[in-house]
Amino acid sequence: MAEAHCCSIAIVGGGCSGLLVAVQLLRNGFRGSLAVIEPRERLGNGLAYSTSFDGHLLNVPAGKMSALPREPLHFLEWLRARHWPDAAPDSFAPRKLYGLYLQDLLLQTIRAGAGSSFLHIRAEAIGVGADPGGVRLSLNGGATVHAERAVLALGNPASSPCPGVTRHGLEDRWHLSPWFGDALRVRFAGERVLLLGTGLSAVDSALALQSQEMPCAVHMLSRRGLLPQVHNLAVPVSVPPLLRNRGNLRLLLRELRTHIEDARQADRCWRAIVDALRPVSNEVWQQLRVADRKRFIRHLKPYWESHRDGYRASGSLQVIAGRLQAVHSHEGTSQVRLGLKRGGEQLLEVDRIISCTGIQENYSNSPRPLIRALVESGLACANDLGIGFRTDPHGAILDTALTPSSVLFTLGPPRRGELFETTAVPEIRAQAEALAIYLAAQ
């Protein structure tokens, strides 16, 4: 007989989002039973912090990476006490240390908690249905979880497809999800690796590949050939008012360019202008028309991300601006045909391809079983951009009648599209605290 679990709140997903919801529930007076459904042994790692490479660094300084909104130096103090006594607020810590930090925070919170129980269920939730007084979650091992409420902390998928690419006999050489170790091990000296994408994941992959004893050749391909910009920590004391032209993407872009040019003329760092948008970015995003949101994602998002985030790449590599048109198997290698941005084509022979192109998931037709089950049952619907759920301001999932659920909630990446900034720690920690306070008060 399949095992059945019962709890007050079930958190589906034990990465950063799910762990922080659990922490905030326990810190804000929740006194019921709490279960986290996550197949990994360690909670908190998720995709971003499961890397084992020391060269994979956080792309935000340690002084801004506290998991607790009300204790801004919490991570920095932990880092100094446990691993890096001389860490400064502007230090960039290894990602794997942040995973350890989240795990330690959860353990300390559980030990300090009173009147509540905590259970980690090592399984994957693959189905969902209404249940008297709550929700029923089906797990991949046949067990079920009955919960009064569920928080879907689903994070990002472990891999994303690369649409429009012809592949012949390449399944053994085509890797997705660069965070998992085997795809980032150099297999033989002189191995030629093509990274699809030039963003932070691609830079992290290049660093991991080139940090090993056996040399390899790395090519990075993206439509524009933009690498993330290096952080400049000298920021101006004050920032001019921004974005008076809300609701019009063209005018917003023009105004932002004017402020950046003014900063350049005054010999100030333009990054502070972009960073000044963070507190109001979700508000500005929600005031845009759906057509403008789609236009931004289609044309401007790569420029925004390459200027907002910084990362310093090391080692030799080739960056190519163009598109991947076709891939064919040829005598144990892969012949890649590229359409170059400035015209013409290039043929490239590689031994392996790793996709670092970001999230391509469509919630209307997601490969993830739980998301598919939610949408097919009508308990949830994709938002206008198709890249997340429709939600209300609390994170309650809207059904096909656009009625907020009283039992199903979400945060982080599943709110992408409804919110603009929703995937980084500063946004996730704020959402986790707000959602936990809301649930604990119900």
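Residues numbered from 1 in each chain as written. Predicted model: local features only at pLDDT ≥ 70, side-chain atom pairs only at ≥ 80, totals over all residues. Heavy atoms only, no water.

## Details of the nonpolar core
Generally speaking, a soluble globular protein has its nonpolar side chains buried in company with each other.
Then comes step 1: Core analysis: the largest hydrophobic core is formed by 44 residues, its most contacted members being Ile-11, Leu-20, Leu-25, Phe-75, Tyr-98, Leu-102 and Val-151.
Then comes step 2: Where this core is concerned, the elements lending two or more residues are β1 (4–12), α1 (16–27), β2 (33–37), α2 (74–82), α3 (95–112) and α10 (425–441).
Then comes step 3: If we skip the residues at most four places from it in the chain, Phe-75 touches Leu-58, Ala-62, Met-65, Ser-66, Ala-93, Tyr-98 and Tyr-101.
Then comes step 4: Counting 29 residues, the second-largest nonpolar core is a separate cluster that includes Ile-37, Ile-121, Ala-125 and Leu-139. (Core = buried A, V, L, I, M, F, W, Y, C linked by side-chain atoms within 4.5 Å. Buried < 20%, exposed > 50% of the residue type's maximum accessible area, 1.4 Å probe, protein only. Helix = DSSP H or I, 4+ residues; strand = E, 2+ residues; numbered from the N terminus. Contact = heavy atoms within 4.5 Å.)

## Some words on the packing of α2 against α3
Then comes step 1: Orientation of α2 relative to α3, taken along the N-to-C sense of each, is 100°, at an axis distance of 11 Å. Here α2 lies roughly perpendicular to α3, going by the angle between them. Together, His-74, Phe-75, Trp-78, Leu-79 and Arg-82 of α2 and Leu-97, Tyr-98, Leu-100, Tyr-101, Asp-104, Leu-105 and Gln-108 of α3 make up the contact between the two elements. (Axes fitted to C-alpha atoms, helices over the stretch in contact; angles between N-to-C directions. Parallel < 35°, antiparallel > 145°, perpendicular 65-115°, else oblique.)

## Observations concerning helix α5 (residues 249–265)
Then comes step 1: In this model, α5 (17 residues) spans 24 Å end to end at C-alpha, consistent with the 24 Å of a helix rising 1.5 Å per residue.
Then comes step 2: Listed in full, the buried residues belonging to α5 are Leu-249, Leu-252, Glu-255, Leu-256, His-259 and Ala-263. Buried positions in α5, seen along its axis, are confined to an arc of 130° and lie on one side of it. Exposed side of α5, more than 90 degrees from the buried face: Arg-250, Arg-254, Arg-257, Arg-264 and Gln-265 are the residues found there. (Expected span 1.5 Å × (residues − 1). Arc of directions from axis to C-beta.)

## A few points about the environment of Gly-197
Then comes step 1: Note that Gly-197 resides in the loop between β8 (191–196) and α4 (200–210).
Then comes step 2: Separated by 24 residues in the primary sequence, Gly-197 and Leu-221 have C-alpha atoms spaced 5.3 Å apart.
Then comes step 3: For Gly-197, the residues in contact, after removing those within four places along its chain, are Ala-202, Met-220, Leu-221, Ser-222, Cys-356 and Thr-357.

## Quick look at the packing of aromatic side chains
How two aromatic rings sit relative to each other is given by the distance of their centres and the angle of their planes.
Then comes step 1: The final tally for this structure, using the stated rule, is eight aromatic pairs.
Then comes step 2: Ring centres of Phe-75 and Tyr-98 lie 4.9 Å apart, and the angle between their planes is 70°; this geometry places the pair in the edge-to-face category. In this pair, Phe-75 sits in helix α2 while Tyr-98 sits in helix α3, placing the two residues 23 residues apart along the sequence.
Then comes step 3: Using a relative accessible area of 0% as the deciding quantity, one classes Phe-75 as buried. (Phe/Tyr/Trp six-rings, centres within 6.5 Å; stacked < 30°, edge-to-face > 60°.)

## Some points on the side chain of Arg-429
Then comes step 1: Checked against the element boundaries, Arg-429 lands in helix α10.
Then comes step 2: Although Arg-429 is buried, it makes no salt bridge; Glu-427 carries the closest opposite charge, 7.5 Å away.
Then comes step 3: Within the structure, the side chain of Arg-429 is placed 2.6 Å from the backbone oxygen of Ser-66, a separation counted as a polar contact.
Then comes step 4: With residues near it in sequence (within four places) discarded, Arg-429 still touches Leu-20, Lys-64, Met-65, Ser-66, Ala-67 and Pro-69. (Lys, Arg positive; Asp, Glu negative; His and termini not counted. Salt bridge = Lys/Arg side-chain N within 4 Å of Asp/Glu carboxyl O. Polar contact = N/O pair within 3.5 Å; in protein donor to acceptor, adjacent residues only side chain to side chain.)

## A short note on the pattern of salt bridges
Then comes step 1: A full pass over the atoms with the stated rule returns 11 salt bridges.
Then comes step 2: The closest approach of N and O atoms between Arg-70 and Glu-433, which form a salt bridge, is 2.7 Å. You can see Arg-70 sitting in the loop between β2 and α2 and its partner Glu-433 sitting in helix α10, a full 363 residues away along the chain.
Then comes step 3: For Arg-70, a relative accessible area of 65% puts it in the exposed group.
Then comes step 4: Shared partners join several salt bridges into a network, and the residues in it are Arg-187, Glu-191 and Arg-352.

## Re the packing of α1 against α10
Then comes step 1: With their axes 8 Å apart at the nearest point, α1 and α10 run at an angle of 40° to one another. Between α1 and α10, the crossing angle belongs to the class labelled oblique. Of the two elements, α1 crosses α10, and the hand of that crossing is right-handed. Residues Cys-16, Ser-17, Leu-20, Val-21, Gln-24 and Leu-25 of α1 lie in contact with α10, whose contacting residues are Val-425, Ile-428, Arg-429, Ala-432, Glu-433, Ala-436, Leu-439 and Ala-440.
Then comes step 2: A class-by-class count of the residues in the contact of α1 with α10 yields 10 nonpolar, two polar and two charged. (Left-handed = near helix turned anticlockwise from the far one by under 90°. Nonpolar A, V, L, I, M, F, W, Y, C, P; charged D, E, K, R; others polar.)

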